[in-house]
Number of protein chains: 2
Amino acid sequence: MTNTQTEENYLKAIYSLSLEETKGVSTNSIAKAMDTKASSVTDMVKKLAQKKLVDHIKYQGVTLTPTGQSIALNIIRKHRLWEYFLVEKLDFPWDEVHEIAEQLEHVSSKALTNRLDQFLGHPKKDPHGDPIPDVHGNVVISKDIRLSDLAKASTGIITGVLDSSKAFLNFLADNNLKLGSKIAVADIYDFDQSMVVLIDEKEKTILSNQVTKNLNINTND
Amino acid sequence: MTNTQTEENYLKAIYSLSLEETKGVSTNSIAKAMDTKASSVTDMVKKLAQKKLVDHIKYQGVTLTPTGQSIALNIIRKHRLWEYFLVEKLDFPWDEVHEIAEQLEHVSSKALTNRLDQFLGHPKKDPHGDPIPDVHGNVVISKDIRLSDLAKASTGIITGVLDSSKAFLNFLADNNLKLGSKIAVADIYDFDQSMVVLIDEKEKTILSNQVTKNLNINTND
DNA sequence: ATAAATTTTTAGACTAGCCTAAAAAATATA
DNA sequence: TATATTTTTTAGGCTAGTCTAAAAATTTAT
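Conventions we followed
Numbering of residues starts from 1 in each chain and follows the order in which that chain's sequence is written. Lettering for chains starts from A, numbering for ligands starts from 1, and both go in the order in which the items are written. Local features in this predicted model are restricted to residues whose pLDDT is 70 or higher, and side-chain atom pairs enter the listing and the counts only when it is 80 or higher, whereas totals over whole chains, interfaces and linings include all residues. Only heavy atoms go into the side-chain values, all of them from the structure, while hydrogens and water stay out. Whenever a helix is involved, its axis is fitted only over the stretch in contact; in every case the axis is a line through C-alpha atoms, and angles between N-to-C directions fall within 0 to 180 degrees. Numbering goes from the N terminus for both helices and strands, where a helix is a DSSP run of H or I of at least four residues and a strand is a run of E of at least two. Angle categories: roughly parallel below 35 degrees, roughly antiparallel above 145, roughly perpendicular from 65 to 115, and oblique for all the rest. A clockwise turn of the near helix away from the far one marks a right-handed crossing, whereas an anticlockwise turn of less than a right angle marks a left-handed crossing. In this description, contact between two residues means that some pair of their heavy atoms is separated by no more than 4.5 Å. For this scheme, ten residues count as nonpolar: Ala, Val, Leu, Ile, Met, Phe, Trp, Tyr, Cys and Pro. Four count as charged, namely Asp, Glu, Lys and Arg, and the remainder, Gly too, count as polar. Once two parts are brought into contact, the accessible area they lose, counted with a 1.4 Å probe and summed over both, makes up the buried area. Within this document, salt bridges are pairs made up of a side-chain nitrogen of Lys or Arg and a carboxyl oxygen of Asp or Glu, the two lying within 4 Å of each other. Throughout, the term near means that a residue has one or more heavy atoms lying within 4 Å of the molecule or strand in question. The term polar contact refers here to a pair of N or O atoms within 3.5 Å; inside protein, the definition further demands a hydrogen-donor-capable atom paired with an acceptor-capable atom, and it admits residues adjacent in sequence only when both atoms are side-chain atoms. Domain borders in the structure are assigned automatically or taken from a domain database. Superposing the copies works by least squares over the C-alpha atoms of residues that have pLDDT at least 70 in both of them. The predictor rates its confidence in each residue with pLDDT, a number between 0 and 100.

Enquirer: Teacher, can you tell me more about the packing of helix H4 (residues 66–88) of chain A against helix H6 (residues 110–119) of chain A here?
Expert: Axes are the key here: two packed helices are described by the angle between their axes and the distance separating the axes. Residue and element names in this part refer to chain A. Closest axis-to-axis distance for the H4/H6 pair is 10 Å, and the angle between their directions is 40°. In this view, H4 runs oblique relative to H6, as classed from their interaxial angle. Crossing angle aside, the handedness with which H4 passes H6 is left-handed. Side by side, H4 and H6 meet where Arg77, Lys78, Leu81, Trp82 and Phe85 of the first sit next to Leu112, Thr113, Asn114, Leu116, Asp117 and Phe119 of the second. Within the contact of H4 with H6, the residues separate by chemical class into six nonpolar, two polar and three charged.

Enquirer: Any chance you could explain the interface of chain A and chain B here in plain terms?
Expert: Many structure descriptions define interface size as the accessible area lost when the parts assemble. Of the residues lining the interface, 21 residues belong to chain A; the matching set on chain B comes to 21 residues. At the boundary of chain A with chain B, total buried surface from both sides reaches about 1,600 Å², with 72% on carbon and sulfur atoms. Broken down residue by residue, the surface that chain A buries against chain B is led by Leu90, Gln103 and Arg115 of chain A, which jointly contribute 31%. Linking chain A to chain B there are zero salt bridges. Within the residue set of the side of chain A that touches chain B, elements represented by two or more residues are H4, helix H5 (98–104) and H6 of chain A. Counting residues per element, the side of chain A that touches chain B draws most heavily on H6 of chain A, which supplies five residues. When grouped by side-chain class, the residues that make up the side of chain A that touches chain B number 13 nonpolar, five polar and three charged.

Enquirer: Would you mind going over the protein's contact with DNA strand C with me for this structure?
Expert: Of all residues adjacent to DNA strand C, which total 21 residues, the nearest are Lys58 of chain A together with Thr4, Thr36, Ser40 and Lys47 of chain B. The sugar-phosphate backbone supplies 77% of the atoms of DNA strand C found within 4 Å of the protein. Here Thr27 of chain A contributes a side-chain N or O atom positioned 2.9 Å from a phosphate oxygen of DNA strand C. Within the side chain of Thr42 of chain A, an N or O atom sits 3.0 Å from a phosphate oxygen of DNA strand C. Sorting the residues of the surface near DNA strand C by element identifies helix H2 (27–34) and helix H3 (38–50) of chain A together with helix H1 (5–19) and helix H3 (38–50) of chain B as the ones contributing at least two each. With five residues, H3 of chain B is the single largest residue contributor to the surface near DNA strand C. Per-class residue counts for the surface near DNA strand C are five nonpolar, 11 polar and five charged.

Enquirer: I keep staring at the domain arrangement of chain A and nothing clicks. Help me out?
Expert: Assigned domains within chain A: domain 1 (5–64) and domain 2 (145–218). Each of domain 1 of chain A and domain 2 of chain A has a C-alpha centre, and the two are 38 Å apart.

Enquirer: Just checking my understanding: could you explain the relation of the copies chain A and chain B for this structure?
Expert: One copy of the chain maps onto the second through a rotation about an axis and a displacement along it. Least-squares fitting of chain A to chain B yields an RMSD of 0.3 Å, with the transformation described by 0.1 Å of translation along the axis and a rotation of 180°. The operation mapping one copy onto its partner corresponds to a two-fold rotation axis. Of the C-alpha atoms belonging to chain A, the one lying closest to the rotation axis is found on Leu104 of chain A, 3.5 Å away. Mapped onto chain B, 100% of the interface residues of chain A are again interface residues, and the two copies thus contact each other with one and the same surface.

Enquirer: Sorry, what's going on with the confidence of the model for chain A here?
Expert: In low-pLDDT segments, the atomic positions of the prediction should not be examined closely. Residue and element names in this part refer to chain A. With 100% of its residues at a pLDDT of 70 or more, chain A shows a mean pLDDT of 93. By mean pLDDT, the top-scoring element of chain A is H6 (98), and the lowest-scoring one is strand E4 (residues 155–161) (89). Across the assembled chains, the prediction reports ipTM 0.84 with pTM 0.85.

Enquirer: Is there a simple way to think about the protein's contact with DNA strand D in this case?
Expert: The local shell around DNA strand D holds 21 residues, among which Thr4, Thr36 and Lys47 of chain A together with His56 and Lys58 of chain B are the closest. Of all DNA strand D atoms lying within 4 Å of any protein atom, the proportion belonging to sugar or phosphate reaches 75%. Within the contact set of DNA strand D, a phosphate oxygen lies 3.1 Å away from a side-chain nitrogen or oxygen of Lys37 of chain A. Here a phosphate oxygen of DNA strand D sits 2.8 Å away from a polar atom, N or O, in the side chain of Ser40 of chain A. Mapped by element, the contributors of at least two residues to the surface near DNA strand D are helix H1 (5–19) and H3 of chain A together with helix H2 (27–34) and H3 of chain B. Looking at the surface near DNA strand D, the element that brings in the most residues is H3 of chain A, giving five residues. Per-class residue counts for the surface near DNA strand D are five nonpolar, 11 polar and five charged.

Structure, rendered in structure tokens:
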């Protein structure tokens, strides 16, 4: 009942793809996600099906069994806990941690994962704003809100824009506002709802309500 | 110029064995260390020789090339840094960390190793008292001393006994003094050189000079 | 509804790392 | 020094995971 790193990576990919699909996940989409060939996927899916980690009907798609899903969620839990560790404890920039976490996520000790979780103070979200599954595989899904709806002193991460005009995107770039940027609301002016925000713990800027209404934010809960 | 985990483990084993051998390391001893068969070792040694990580003369032994040695030392560095992390930050007992570090040592990011080293405060020794190679692969070898020679307020780890009589060993067992136990010298009485020590951060005990003269200690430097 | 295009699977082959059994070399013993 | 023992290597084969090329099934388009 132990799985190779490759098997774990397949399960993780199938899990992620199944979030965007109502039906089973296609062989081709897995191949794309794993950067491999469809024939290799067929082979591996056969193996995972034999281990009862996925269900597979030929030429239809693949779905995770409850066991397969719980393994996938455990890998994701570890991945996100390590990302949090790398950013919060080792001061890595948030956009450099994914590759490293891809390796750390396969370290198998349950005790390690749980002690790490405790050491980090049971974080709810990783540095990209993605929720960290708990030890039972439960994931809290939190909807994005507009930056304009974020309260004073709260923090969050930019996850999208509602206005995709060239002008707006240029404004964002000029002010170092990127997908993934961390936003802390320092103050809100009553008279026009403009916000004083701290971007990525560095630059303090004032954003008009016109701007804050058009930014999607993933809060840290 | 990237190596598999298996290759890394062979290099590590060859390095450790070469410390106890003046000549080249024998195929059989590697097989024993790696828990595999001699024929498998021959295969792998051939591969490592081709990669110029070891020198090999048929039927004579194996030695690491400078490149091979520096890779081995880097793995050992990572192993010991992670062990230190697990014990000091995650509160693992010192005798439970080896297996976990065996996995963590293969995570390949140089940035990770160096940031971890910094986060831990550049420790000189791991929880077992083994020296941690620096980023250039330099290892500080420190000779053991007698517990009786340890100064007040210093700490160290029990690495051996000079008196192996049944009576002495029983005394040690009764007082929770084991190989690897962490000893902190709380006080030394002038009149008989007896020591007040804290064992494994738990029990405070008085040890006579007769006892402390017969315990080898690896200091934290 | 039939042909064309796409997706998926099968067939056969490759590498890494391991194995057993047998051959070759080195070492120990008589 | 010749023989016996031990060590090491070779030969050939196995599994996991990958690949290419071709066949089979499905979907799309005419």
